[in-house]
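Here's the letter readout for the chains.
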Amino acid sequence: MSDTALAVVARYPEAGKTKTRLARAIGNQEAADLYRAFLTDLAQRFAGPEIDLHWAFTPAEVDYACFVATLAPSLTRHMTCFPQQGADFNTRLHNVFRWTASHDYSYTILIGSDSPHISRDLVAQARCALNAVDVVLGPADDGGYYLIAMREPHDVFSGIPMSTDVVLQMTMELALRQGLSVCLLDTLFDIDELPDLQRLTQLLAADASLAPVTAAHLATKRSFNDNHIHSYAAALDLHRADQPL
């Protein structure tokens, strides 16, 4: 057993319940298939003997262990799954840290599943930073964060309006009010909307090694995505035209 837990907050990729904002542009099944590619990249990149990989999954009734075994069959023994618990996302995140603390991990690094290009180096940086600070955050450029790491399950979640552009700032302020030291990693972007997907497609076209399974999936959908990007842009223009000046 490693002294470090890497927890991925994820859901089962079910059409109609996965990446719903993105699905409005590319379709429910395509959004679910794309998300499965994200999870495959994360499983194949992080499962191994160095850090214990855990999947904090939803919905709770899904056999997630059986599912993730299909993503990286040779690495199954290096992965553990447990359901998310809590009435809201803030509580569920906090409970991930409580779970790892109850299993005697000295360091916990939690990442989202919406950035398949997050690197092993960034996770290693977070682990190293925990030797000097209480909270490590990986800023997302939408104002949230793609990574949070702590040695203890501090409550830096209560009262934070999740899925807003003030999540990172308010989390830092909450940590500092508790006397906790904070370190920031490099900024990444999440894939929530079609422009994010376009950005990821361009990034992986330049370097597929950042997320090879996702890159391969997007390569087969290039014309599909381009068509939807144009439709989405037109819809945005119509939406803006309806807004009062």
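Predicted, not measured: the structure shown is a model, and the values here were computed from it.

Another point: the environment of Glu-50. Mapped onto the elements of the fold, Glu-50 is located in the loop between helix H2 (28-46) and strand S2 (52-58). Once the C-alpha coordinates of Glu-50 and Ala-5 are considered, the two residues, 45 residues apart in sequence, prove to be 9.8 Å apart. Once residues lying within four places of it in the same chain are set aside, the contact partners of Glu-50 are Ser-2 and Arg-120.

Take the confidence of the model for the protein next. Confidence along the protein averages 91 in pLDDT terms, with 90% of residues attaining 70 or more. Within the model, the stretch residues 229-245 combines pLDDT values under 50 with six contacts to residues more than four positions away or in other chains.

Our next topic: the pattern of salt bridges. Applying the stated criterion to the full structure yields nine salt bridges. Here Lys-17 and Glu-14 are joined by a salt bridge, their closest N and O atoms 4.0 Å apart. In this structure, a network of salt bridges that share partners links the residues Lys-19, Arg-21, Asp-114, Asp-192 and Glu-193.

Here we have seven strands laid out as an open sheet, ordered S3-S2-S1-S4-S6-S5-S7, and mixed in their pairing. Edge positions in the sheet fall to strand S3 (79-83) and strand S7 (182-184), since each of these pairs with one other strand and no more. When the angles between neighbouring strand axes are averaged without regard to direction, this sheet yields 20 degrees. In this structure, strand S5 (residues 135-139) lies alongside strand S6 (residues 145-150), joined through five bridges in antiparallel fashion. Of the residues in S6, the one forming a bridge with Leu-137 is Ile-148. The sheet contacts of helix H4 (residues 89-102) involve strand S1 (4-11), S2, S3, strand S4 (107-112) and S6, and relative to S4 the element is tilted by about 145 degrees. In the packing of helix H5 (residues 120-129) onto the sheet, the strands contacted are S1, S4, S5, S6 and S7, and the crossing angle to S4 comes to about 145 degrees.

Here is what the cut-offs are and how they apply
- Residues numbered from 1 in each chain as written.
- Predicted model: local features only at pLDDT ≥ 70, side-chain atom pairs only at ≥ 80, totals over all residues.
- Heavy atoms only, no water.
- Helix = DSSP H or I, 4+ residues; strand = E, 2+ residues; numbered from the N terminus.
- Contact = heavy atoms within 4.5 Å.
- pLDDT = per-residue confidence, 0-100.
- Salt bridge = Lys/Arg side-chain N within 4 Å of Asp/Glu carboxyl O.
- Pairing = 2+ DSSP bridges.
- Axes fitted to C-alpha atoms, helices over the stretch in contact; angles between N-to-C directions.

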